[in-house]
Amino acid sequence: MKPPPFTYHDPRSLADALRLAGTLENAKLLAGGQSLAPMLNFRYVLPDHLIDLNRIDELSGIRIEGRRITAGAMTRQRALEKHEALAALCPIVREALAEVGHFQTRNRGTLGGSLAHLDPAAELPGVMALYDAHVEVRNSSKTRYIHIGEWSRGYMTPNLEPDEIVTSVAWDAWEGSHGHAFVELARRRGDFAIVGVGALLSLDERKLIRKAAVALVGVAYGPVRLRAAEQALVGKPLDDKALDIAAAEARKIEAKSDLYASGDYRRRVAGVLVSRALKTAHGRARG
Amino acid sequence: MGARVDKRSIALTVNGQRVSREVETRLHLADFLRRELRLTGTHLGCEHGVCGACTVLVDGEAVRSCLMLAVQADGREVVTTEGLAAPDGSLSTLQQAFWEKHGLQCGFCTPGMLTTLTAFLREHPDPTEAQVRDAISGNLCRCTGYANIVAAALDAAKRLREKR
């Protein structure tokens, strides 16, 4: 038996799950299990209670009202990937998901699980950062809506209390036609990103940049928006000068060093990938 | 310490057979299949979701059985590599293609390759080589026999298309 002993709970409603999360000591929430299950198998985590969210139907599903997208926390990554209406509004979601593990892990892995686990290299928090998404979290008495920029509180530490559950994520698709790109460097296909970059770009009638969003994953503990570069691009054509400015901003990030890459290397790669992502997004924006 | 052992009764379908057992809730699905049901075709390589050897089909979807608890399979339909051939033992089209194209060497990764590709070919009846390689990117073959595995998958796809 690999996982440590725990008491298993599989509530059928969010209310029951919140009650358990609010009363049990040393409990872990189990979403898709693609990160927590390995940690259990290796006994990196030793919870007294495991609260399995997989039988709570109300936590999954994708709702689209106009440009507003609300996805339940237990929505499988594969469901997000396959959703045609979502792909039409936010094609970058599908492109980024192709980099998330493998289709076998995406069959189980969830949006909320990815946000709550908050691996620095996780792609979905980066995509949510591009859209200024809000994470809805609840405990048994109140609901909080947390802007994605306030979500990371340190290494693999989301803005989430022990009695809280991530319930959904909401964001607005961009208006009108725009370009997108998600690119990353990893050692192997489906492996953790050393650096990943998402970009959204819309152009005005003169083909100058109207609006830009650039987010990086893998460089810092949480996703990083490149606000200075985004503002510098507005009103300009995407020429070599503009790309250099954006790449230079990416190289300023205080990048982490780990077993796989130094901070210096990550900064260099970040510059290259930001440039590539913007070029691809720009090409798609021009149609 | 000396906490009570947390157990549950579960009932599921495995390779078309109804099975029910009382299991410890911390038992993962792969160990349940291997130890309780003696279906040792499902292999355990890494037990953290990287190697793909333990891939099985749950309600038709390819998943890592080392990353699911047996209790989570309660009420579900599981197919392991033992369930891919017909009841009379005749190989599935994919298995036949693996045989003929030498799509296996030591055989350790084979169960995961077969379950993964079975699910993949249902969704992608006419895949490109690149798509096949992407589909098995989460299945490690340390004999590095990928060339023949990819050839077998493409051959199986072709034969399955011809059958329809």
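What counts, and at which threshold
Per chain, residues are indexed from 1 in the order of the written sequence. Going through the entries in the order they are written, you letter the chains from A and number the ligands from 1. Confidence filtering applies because this is a predicted model: local features only for residues at pLDDT of at least 70, side-chain atom pairs given and counted only at 80 or more, and all residues used for totals across whole chains, interfaces and linings. Residue ranges assigned to the domains are those given by an automatic or database domain assignment. Throughout, a pair of residues is in contact if the C-beta atoms placed from their backbones lie within 7 Å. Secondary structure elements follow DSSP: runs of H or I of four or more residues count as helices, runs of E of two or more count as strands, with numbering from the N terminus. When residues are grouped by polarity, Ala, Val, Leu, Ile, Met, Phe, Trp, Tyr, Cys and Pro land in nonpolar, Asp, Glu, Lys and Arg in charged, and all others, Gly among them, in polar. Two strands pair if DSSP finds at least two bridges between them. Axis definition: a line fit to C-alpha positions, over the contact stretch in the case of helices; interaxial angles, taken between N-to-C directions, run 0 to 180 degrees. Here exposure depends only on C-beta density: within 10 Å of a residue's C-beta, 20 or more other C-beta atoms make it buried, 12 or fewer make it exposed, and intermediate numbers make it partly exposed, the C-beta atoms being placed from the backbone. Picture the helix axis, draw a direction to every C-beta atom, and the arc is the one those directions span. Should an angle fall under 35 degrees it is called roughly parallel, over 145 degrees roughly antiparallel, and 65 to 115 degrees roughly perpendicular, with every other angle called oblique. Take the far helix as the reference: if the near one is turned anticlockwise from it by less than a right angle, the crossing is left-handed, and if turned clockwise, right-handed.

1. A few points about the domain arrangement of chain B
All names here are of chain B.
1) Next: Domain annotation of chain B identifies domain 1 (7–83) and domain 2 (93–163).
2) Next: Taking only C-alpha atoms, the centre of domain 1 and the centre of domain 2 are 22 Å apart.
3) Next: Taken together, the contacts link 14 residues of domain 1 with twelve residues of domain 2.
4) Next: Within the residue set of the side of domain 1 that touches domain 2, elements represented by two or more residues are strand 3 (55–58) and strand 4 (61–64).
5) Next: For the side of domain 1 that touches domain 2, a count of residues per class yields six nonpolar, seven polar and one charged.

2. A word on the sheet that holds strand 4 (residues 62–65) of chain A
Residue and element names in this part refer to chain A.
1) Next: Pairing within the open sheet is antiparallel, and its five strands lie in the order 4-5-8-6-7. In this open sheet, the two strands that pair with only one neighbour each are strand 4 and strand 7 (143–147). Pairwise comparison of adjacent strand axes, ignoring direction, gives a mean angle of 20° for this sheet.
2) Next: Sheet topology places strand 5 (residues 68–72) next to strand 8 (residues 165–172); five bridges connect them, and they run antiparallel. Of the residues in strand 8, the one forming a bridge with Ile-69 is Trp-171.

3. Let's talk about the environment of Leu-59 of chain A
Residue and element names in this part refer to chain A.
1) Next: Summarising the element assignment, Leu-59 is placed in the loop between strand 3 (49–52) and strand 4.
2) Next: Spatially, the C-alpha atoms of Leu-59 and Ser-13 are 8.7 Å apart, while their sequence positions differ by 46 residues.
3) Next: If we ignore the near neighbours within four places in the chain, the residues touching Leu-59 are Leu-14, Leu-53, Gly-72, Ala-73, Met-74 and Thr-167.

4. Quick look at the environment of Asn-159 of chain A
Residue and element names in this part refer to chain A.
1) Next: With respect to the helices and strands, Asn-159 occurs in the loop between strand 7 and strand 8.
2) Next: Along the sequence, Asn-159 and His-147 sit twelve residues apart, while their C-alpha atoms lie 10.0 Å from each other.
3) Next: Filtering out sequence-adjacent residues up to four positions away, Asn-159 remains in contact with Ile-146, Glu-150, Trp-151 and Arg-153.

5. Digging into unusual backbone geometry
All names here are of chain B.
1) Next: Although it is not a glycine, Glu-47 sits at a positive phi angle of roughly 55°.
2) Next: Structurally, the position occupied by Glu-47 is in the loop between helix 1 (29–36) and strand 3.
3) Next: For Glu-47, a count of 20 C-beta atoms within 10 Å puts it in the buried group.

6. Considerations on the interface of chain A and chain B
1) Next: Between chain A and chain B, the residue contacts involve 24 residues of the former and 27 residues of the latter.
2) Next: Secondary structure elements with two or more residues in the side of chain A that touches chain B: strand 1 (7–9), helix 2 (36–41) and helix 6 (103–106) of chain A.
3) Next: Considered class by class, the residues forming the side of chain A that touches chain B number nine nonpolar, eleven polar and four charged.

7. A short note on the pairing of strand 10 (residues 193–203) of chain A
Residues and elements named next belong to chain A.
1) Next: The buried count for strand 10 comes to ten of eleven residues, which makes it a mostly enclosed element.
2) Next: Bridge count for strand 9 (residues 179–186) against strand 10 is eight bridges, and the pairing is antiparallel. Bridge pairing in strand 10 links Val-183 to Val-197.
3) Next: If you look at the hairpin formed by strand 9 and strand 10, you'll find six residues sitting between the two strands, and Gly-190 has a positive phi there, around 85°.
4) Next: Hairpin connection, strand 10 to strand 11 (residues 209–217): the antiparallel pair is bridged by five residues, and Lys-207 has positive phi, about 70°.

8. So, helix 1 (residues 14–23) of chain A
Residue and element names in this part refer to chain A.
1) Next: Taken as a whole, helix 1 has its buried residues at Leu-14, Ala-17, Leu-18 and Ala-21. Seen from one end, helix 1 has its buried residues packed into an arc of 100°, which puts them on one side.
2) Next: Residues of helix 1 that are buried make contact with strand 2 (27–30), strand 3, strand 6 (134–138) and strand 8.

9. A few points about the domain arrangement of chain A
Residue and element names in this part refer to chain A.
1) Next: By the assigned domains, chain A splits into domain 1 (1–52 + 62–173) and domain 2 (179–286).
2) Next: Computed from C-alpha atoms alone, the centre-to-centre distance between domain 1 and domain 2 is 25 Å.
3) Next: Between domain 1 and domain 2, the residue contacts involve 21 residues of the former and 20 residues of the latter.
4) Next: Here the side of domain 1 that touches domain 2 gets six residues from one element, more than from any other, and that element is helix 8 (residues 123–130).
5) Next: Class assignment for the residues of the side of domain 1 that touches domain 2 results in 13 nonpolar, five polar and three charged.

10. Structural notes on the packing of helix 3 (residues 110–123) of chain B against helix 5 (residues 146–163) of chain B
Residues and elements named next belong to chain B.
1) Next: Closest axis-to-axis distance for the helix 3/helix 5 pair is 11 Å, and the angle between their directions is 40°. By the criterion of interaxial angle, the relationship of helix 3 to helix 5 is oblique. Seen along the crossing, helix 3 lies across helix 5 with a hand that is right-handed. Of helix 5, the residues touching helix 3 (which contributes Met-113, Leu-117 and Leu-121) are Ile-149, Ala-153, Ala-156, Ala-157 and Leu-160.
2) Next: Considering only residue class, the contact of helix 3 with helix 5 consists of eight nonpolar, no polar and no charged.

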